[in-house]
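# Inside the fold
Read off the chains here:
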Amino acid sequence: MNKRKILKTLLVLWALQSTCTVAGMPQRLVVPWMNKPVYLDGDTTNSEEWIDANSVDLVLGTNYGRSPPFLEARIWGKHNGVNLYLLYRIRFPYEKYDLRDKAFVYYLIPEGSGYLVSDMSIVSQLGHAQDLYNLSDTTWVNDVPGGENNVEGMGHFDGLFYWFEIMKPLNSGHGRDWLFEVGGTYGYSDSPIGESDHLVVGLIDESQEYQIQSFIQIELQPPPPGKVTPVGGEILENTP
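Here the structure is a predicted model, which means the values were calculated and not measured. (Residues numbered from 1 in each chain as written. Predicted model: local features only at pLDDT ≥ 70, side-chain atom pairs only at ≥ 80, totals over all residues. Heavy atoms only, no water.)

## Describing the overall build of the protein
Within the protein, the secondary structure is distributed over 2 helices and 13 strands. Relative to its full complement of 240 residues, the protein shows a buried share of 43%. (Helix = DSSP H or I, 4+ residues; strand = E, 2+ residues; numbered from the N terminus. Buried < 20%, exposed > 50% of the residue type's maximum accessible area, 1.4 Å probe, protein only.)

## Things to note about the nonpolar core
Counting 34 residues, the largest nonpolar core has Tyr88, Phe180 and Ile218 as the members making the most contacts within it. Of all the elements in the fold, those that place two or more residues in this core are β1 (27–31), β2 (54–61), β3 (67–79), β4 (83–91), β5 (102–111), β10 (161–169), β12 (198–205) and β13 (210–220). Apart from the residues within four sequence positions on either side, Tyr88 is in contact with Arg74, Ile75, Ala103, Phe104, Val105, Tyr162, Trp163, Phe164, Ile166, Val201 and Gly202. By size, the runner-up hydrophobic cluster in this structure holds 12 residues, among which are Phe104, Leu132, Leu135 and Val200. (Core = buried A, V, L, I, M, F, W, Y, C linked by side-chain atoms within 4.5 Å. Contact = heavy atoms within 4.5 Å.)

## Details of the pairing of β5
Most of β5 is tucked away: 7 of the 10 residues are buried. When β5 meets β12, the two strands line up antiparallel, connected through 7 bridges. Paired with Tyr107 across the strands is Leu199, a residue of β12. Looking at chain direction, β5 and strand β6 (residues 114–124) are connected through 10 bridges and run antiparallel. Among the inter-strand pairings, Phe104 is bridged to a residue of β6, identified as Ile122. What sits between the antiparallel neighbours β5 and β6 is a turn of 2 residues, in which Gly112 has the positive phi angle 60°. (Pairing = 2+ DSSP bridges.)

## Topic: the environment of Ser113
For Ser113, the position within the fold is in the loop between β5 and β6. With a relative accessible area of 85%, Ser113 lands in the exposed category. Separated by 24 residues in sequence, Ser113 and Asp137 place their C-alpha atoms 9.8 Å apart.

## Some words on the packing of aromatic side chains
Describing an aromatic ring pair means giving the distance of the ring centres and the angle of the ring planes. Within this structure, the stated rule accounts for 17 aromatic pairs. Both rings, one in Tyr107 and one in Trp178, keep their centres 6.4 Å apart while their planes meet at 80°; by these two values the pair is edge-to-face. Highlighted residues: Tyr107 in strand β5 and Trp178 in the loop between β10 and β11 (185–186), separated in sequence by 71 residues. Here Tyr107 falls in the buried class, since its relative accessible area comes to 5%. Through a chain of ring-to-ring contacts, the aromatic side chains of Phe92, Tyr94, Tyr97, Phe157, Tyr162 and Phe164 assemble into a single cluster. (Phe/Tyr/Trp six-rings, centres within 6.5 Å; stacked < 30°, edge-to-face > 60°.)

## Focus: unusual backbone geometry
Residue Pro69 is bonded to the preceding Pro68 through a cis peptide linkage, with omega at 5°. By secondary structure assignment, the location of Pro69 is in strand β3. Backbone torsion omega between Val144 and Pro145 reads 0°, so that peptide bond is classified as cis. By secondary structure assignment, the location of Pro145 is in the loop between β8 (139–142) and β9 (152–157). You will see that Asn134, though not glycine, has its phi angle at about 55°, which is positive.

As structure tokens, this is what we get:
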């Protein structure tokens, strides 16, 4: 084997090792207090909209990110003490684009053979949103009736990436959603997922009928000193 082939083999092995190290492990996203409003139009409406957010790079895959197909993704996050705002950018093959594909985030706290908390938010490219709870096996129940669908967002495909914006309250108050608090950290870290809460983000590939996903951990930072009122809490119209 010549030196070029040896080098190529080493690079492939390194890439596979890097993928295995990242896939299936939660990446930490420190979510800052926002000072720029979000226009929920499924795009970076202007250069300022997400400048105040932090981001994390993820490898999405089936089997909680452990199995192919793998997709490169970047997730931005920020909050105002009332709502959590997420922006997804997911690299996706042009020839496999499907207008039905959706983005999601879900949160689980296991308890025995079931879940103490199970909450899933889904946003379509055309702006239809689903707010689900009460996971049993692979079946979810809609928050309505009895609760409220308080998830908002939209998405689009630009030929290279899926983009999605999602807004969800930190605490809806109706008992069918997650309960996140400023200063808290959510998503498992050192414990097995069966013994700790876990937070998952990803894409629903409708044509293939599976989820391409990854664990994530978020930390909701408190407001900076002197900041006492939420900023950007009002959902603005879809205008720049």
